[in-house]
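Given next are the chains, with one letter for each unit.
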Amino acid sequence: MEVDKLIKMANQIGDFFEANPDVEDAKLEIAGHLKKFWNSVMIKSLVAYVQQQQGAGLHPRVLAAIQQHIQA
């Protein structure tokens, strides 16, 4: 899957969880959603994008969720 499509989908997830006023909880929910509904190839592609491009264009909460709860 193209990384542009992954970014778009990840940003939609970030927009959805933006409604959660608890930022830390939202990041956990985003990471949980990705782990539950995305396959490993999709997650690895997005993680590689974050590592190579510093997550340019990603929703800030998605970027933080990946950095704190998926890459670790």
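This text gives an overview of the structure that appears in the document. (Residues numbered from 1 in each chain as written. Predicted model: local features only at pLDDT ≥ 70, side-chain atom pairs only at ≥ 80, totals over all residues. Heavy atoms only, no water.)

Turning our attention to the environment of Ala48. Within the secondary structure layout, Ala48 lies in helix α3 (residues 40–53). Distance in space between the C-alpha atoms of Ala48 and Phe16 is 23 Å, their sequence separation being 32 residues. (Helix = DSSP H or I, 4+ residues; strand = E, 2+ residues; numbered from the N terminus.)

What follows deals with the pattern of salt bridges. As enumerated under the stated definition, the model contains two salt bridges in all. Between Glu18 and Arg61 there is a salt bridge, with the nearest N and O atoms lying 4.0 Å from each other. Of this pair, Glu18 sits in the loop between α1 (3–17) and α2 (23–37) while Arg61 sits in helix α4 (residues 60–70), and the two are 43 residues apart along the sequence. Taking relative accessible area as the criterion, Glu18 reaches 41% and is therefore assigned partly exposed. The salt bridge partner of Glu24 is Lys27, with a shortest N-O separation of 2.8 Å. Placement of the pair is Glu24 and Lys27 together in helix α2, with a separation of three residues, close to one helical turn. (Salt bridge = Lys/Arg side-chain N within 4 Å of Asp/Glu carboxyl O. Buried < 20%, exposed > 50% of the residue type's maximum accessible area, 1.4 Å probe, protein only.)

Once that is clear, we can look at the packing of α2 against α4. Axis separation between α2 and α4 bottoms out at 8 Å; the angle between their running directions is 75°. For the element pair α2 / α4, the angle class is roughly perpendicular. Judged by residue contacts, Val23, Glu24, Ala26, Lys27, Leu28, Ile30, Ala31, Leu34 and Lys35 of α2 engage Arg61, Val62, Ala64, Ala65, Ile66, Gln68, His69 and Ile70 from α4. In terms of residue class, the contact of α2 with α4 is made up of 11 nonpolar, two polar and four charged. (Axes fitted to C-alpha atoms, helices over the stretch in contact; angles between N-to-C directions. Parallel < 35°, antiparallel > 145°, perpendicular 65-115°, else oblique. Contact = heavy atoms within 4.5 Å. Nonpolar A, V, L, I, M, F, W, Y, C, P; charged D, E, K, R; others polar.)

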